[in-house]
Amino acid sequence: MTTKTKLPDHRIRFRVLVEKAFQNIVREGEPVPYMTHCDAVADMIKEHGEDEVMQDTALGHDLFEDTEWTFDTLLLRLKEFGYEAIHATRICHGIQHLTDVYTRKNYPNWPRKGRKEREAIRLAKCGAPTHTIKYADIAHNCSTLSNHSPEFVGIYLKEKANALIKMEKGNQYLRQEAWDALLTTATEFNIDIPWGL
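Please read all numbers here as calculations on a predicted model, not as lab measurements.

## Considerations on the environment of histidine 10
Part 1 of the argument: Note that histidine 10 resides in helix α1 (residues 9–21).
Part 2 of the argument: Between the alpha carbons of histidine 10 and tyrosine 83 there is a distance of 6.4 Å; along the sequence they are 73 residues apart.
Part 3 of the argument: Not counting the four nearest positions on each side in its chain, histidine 10 is found in contact with Phe81, Gly82 and Tyr83.

What follows is the structure in structure tokens.
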């Protein structure tokens, strides 16, 4: 969250935790720190009027997927930072819902297309907060694909279009932003998105 507003101490400490977790990771295809993505997603959630728990969930949305942090270790640390137990639990559950389950590591014999389809179905069953943050994640990712190969971009956009079709419960303005970013990138790369996915 790149905000000039003074955050409460517990939220500053969480931000530092996220920065440290991603300090040696750069965005794939971009020579920028991974934290720029975390900030962008959290900022979109804030701009759309979501509460601080949603903003913090968005800030840490990739922690369980891309770092050593787990639900239990993060929950304990958030409570140590001074988060109310219910808020710490909401943040951890939110990050857990946003963490891919159908990964190559977990399902090494499944083809990518099958894993991504199952992931889209799993996400569709999640609630509005998960969908809202995922919309912001997709919107930001789509806006930063220019350094990737057209083949990868085509696969990625079709996977995300499939997910967006299935995820309908979140903030509809942010969902539209995700669609707009996806379609803008598809146009830039001259990629046809089949609507009958």
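## Observations regarding the side chain of threonine 144
Part 1 of the argument: With respect to the element layout, threonine 144 can be found in the loop between α8 (128–142) and α9 (150–166).
Part 2 of the argument: Its relative accessible area of 12% is what places threonine 144 among the buried residues.
Part 3 of the argument: For threonine 144, the side chain forms a polar contact with the main-chain oxygen of asparagine 141, separated by 3.1 Å.
Part 4 of the argument: Beyond its immediate sequence surroundings of up to four residues, threonine 144 is in contact with Arg27 and Glu30.

## A word on the pattern of salt bridges
Part 1 of the argument: For the structure shown, the criterion picks out ten salt bridges.
Part 2 of the argument: Here glutamate 159 makes a salt bridge to arginine 112, at a shortest N to O gap of 2.6 Å. Taken together, the residues glutamate 159 in helix α9 and arginine 112 in helix α7 (residues 112–124) connect sequence positions 47 residues apart.
Part 3 of the argument: Taking relative accessible area as the criterion, glutamate 159 reaches 14% and is therefore assigned buried.
Part 4 of the argument: What you see here is one network of salt bridges that share partners, running through Arg11, Glu52 and Asp56.

## A word on the environment of methionine 35
Part 1 of the argument: Position of methionine 35 relative to the elements: it lies in helix α2 (residues 35–47).
Part 2 of the argument: Residues methionine 35 and isoleucine 25, ten residues apart in the sequence, show an inter-C-alpha distance of 8.3 Å.
Part 3 of the argument: Setting aside residues no more than four positions away along its own chain, methionine 35 makes contact with Arg15, Val18, Glu19 and Leu59.

## Quick look at the packing of aromatic side chains
Part 1 of the argument: Tallying each qualifying case throughout the model produces six aromatic pairs.
Part 2 of the argument: With a centroid separation of 5.8 Å and an interplanar angle of 15 degrees, the aromatic rings of tyrosine 102 and tryptophan 110 are classed as stacked.
Part 3 of the argument: Looking at tryptophan 110, the relative accessible area reads 33%, which means it is partly exposed.
Part 4 of the argument: An aromatic cluster is defined as three or more aromatic residues linked by ring pairs; in this entry it consists of Tyr102, Tyr107 and Trp110.
Part 5 of the argument: Above the face of the tyrosine 34 ring, arginine 27 is positioned so that its terminal group lies 5.8 Å from the ring centre.

## Description of unusual backbone geometry
Both trends apply: most residues other than glycine have a negative phi, and most peptide bonds are in trans.
Part 1 of the argument: Positive phi is not limited to glycine here, since asparagine 190 has a value of about 55 degrees.
Part 2 of the argument: Summarising the element assignment, asparagine 190 is placed in the segment after α10 (172–188).

Parameters at a glance
- Residues numbered from 1 in each chain as written.
- Predicted model: local features only at pLDDT ≥ 70, side-chain atom pairs only at ≥ 80, totals over all residues.
- Heavy atoms only, no water.
- Helix = DSSP H or I, 4+ residues; strand = E, 2+ residues; numbered from the N terminus.
- Contact = heavy atoms within 4.5 Å.
- Buried < 20%, exposed > 50% of the residue type's maximum accessible area, 1.4 Å probe, protein only.
- Polar contact = N/O pair within 3.5 Å; in protein donor to acceptor, adjacent residues only side chain to side chain.
- Salt bridge = Lys/Arg side-chain N within 4 Å of Asp/Glu carboxyl O.
- Phe/Tyr/Trp six-rings, centres within 6.5 Å; stacked < 30°, edge-to-face > 60°.
- Lys NZ or Arg CZ within 6 Å of the ring centre and 35° of its normal.

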